[in-house]
Amino acid sequence: MTRKLFVTLPAIVLGALIAVAPQTFAYVCKVEDGMKMACHYTAQAALGIGVVIALLGVIGLFVEPKVRAGLNIAVALNALLAVAVPTVLIGVCKGAMMHCHMVTLPTLIVLGALAVVFAAIAVRLDLTGAKNAGR
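Just so it is clear, the model here is predicted, and its values are computed rather than measured.

A. Broad picture of the overall build of the protein. The helix and strand inventory of the protein stands at four helices and zero strands. For the protein, the sequential pattern of α-helices and β-strands runs α-α-α-α. With the C-alpha coordinates of the protein rotated into their principal frame, the extents come out at 65 × 20 × 20 Å. Here the protein, with 135 residues, has 39% of them falling under the buried criterion. When contacts within the protein are restricted to residue pairs at least 6 apart in sequence, those whose partners lie at least 24 apart make up 78%. Accessible surface, the protein: about 7,400 Å² in total, of which carbon and sulfur atoms supply 72%.

See below:
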């Protein structure tokens, strides 16, 4: 049970943070006069990606280690997408002093990178645990 929590809890927590950060503490620019900036769409994409990562973590609580390893590979790929959205795919506002450029961008990069690292560790633990259980 301890291993199961160790390999799923980071995905749940980091997924929730990726989803919530652009909506709360790492907020993006407000929509004014119906004009939506790039950071608005980045926040919407991060919300969806974060929810998917968190759900993959929750599903991991109820499956066997080999399946959980596959789910954690999916978490890592989604976390890479969470990094790509504000950096390459959609982006944030171009102004260097904008809150989304100074806070949202680095927050999503750090949370995505942490999710990739924890997912890679979880895959390793699940695969070695499944291998040892088969002996």
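B. Region of the structure containing the environment of Lys 30. Relative to the elements of secondary structure, Lys 30 occurs in the loop between helix H1 (2–20) and helix H2 (38–60). Look at Lys 30 and you get exposed, because its relative accessible area is 71%. When the C-alpha positions of Lys 30 and Thr 107 are compared, they lie 18 Å apart, and in sequence the two are 77 residues distant.

C. Molecular detail of the packing of H1 against helix H3 (residues 65–89). At a closest axis distance of 11 Å, the pairing of H1 and H3 adopts a crossing angle of 25 degrees. Between H1 and H3, the crossing angle belongs to the class labelled roughly parallel. Pair H1 / H3 crosses with left-handed handedness. Every residue of H3 that contacts H1 at Lys 4, Val 7, Thr 8, Ala 11 and Ile 18 is listed here: Arg 68, Asn 72, Val 75 and Ala 82.

D. Fine view of a nonpolar patch on the surface. Taken together, the side chains of Phe 6, Val 110, Leu 114, Val 117, Phe 118 and Ile 121 make up a nonpolar region of the molecular surface, amounting to roughly 510 Å² of accessible area. With five residues, the top contributor of residues to the nonpolar patch is helix H4 (residues 99–133). Relative to the elements of secondary structure, Leu 114 occurs in helix H4.

E. Quick look at H1. The first and last C-alpha atoms of H1 sit 27 Å apart over 19 residues, in line with the 27 Å expected at 1.5 Å per residue. The sharpest bend along H1 comes to roughly 30 degrees, located at Thr 8, with the proline Pro 10 sitting one to four residues further on. Taken together, the buried positions of H1 are Val 7, Thr 8, Pro 10, Ala 11, Leu 14, Gly 15, Ile 18 and Ala 19.

Here is what the cut-offs are and how they apply
Residues numbered from 1 in each chain as written. Predicted model: local features only at pLDDT ≥ 70, side-chain atom pairs only at ≥ 80, totals over all residues. Heavy atoms only, no water. Helix = DSSP H or I, 4+ residues; strand = E, 2+ residues; numbered from the N terminus. Buried < 20%, exposed > 50% of the residue type's maximum accessible area, 1.4 Å probe, protein only. Contact = heavy atoms within 4.5 Å. Areas by Shrake-Rupley, 256 points an atom, 1.4 Å probe, with all protein chains shown as cover. Axes fitted to C-alpha atoms, helices over the stretch in contact; angles between N-to-C directions. Parallel < 35°, antiparallel > 145°, perpendicular 65-115°, else oblique. Left-handed = near helix turned anticlockwise from the far one by under 90°. Patch = residues over 30% accessible without salt bridge, like charges linked within 9 Å, V, L, I, M, F, W, Y side chains within 5 Å. Salt bridge = Lys/Arg side-chain N within 4 Å of Asp/Glu carboxyl O. Expected span 1.5 Å × (residues − 1). Bend = angle between axes of the 7 residues up to and from the residue.

In short, the description is geometric, and any link to function would need to be established separately.
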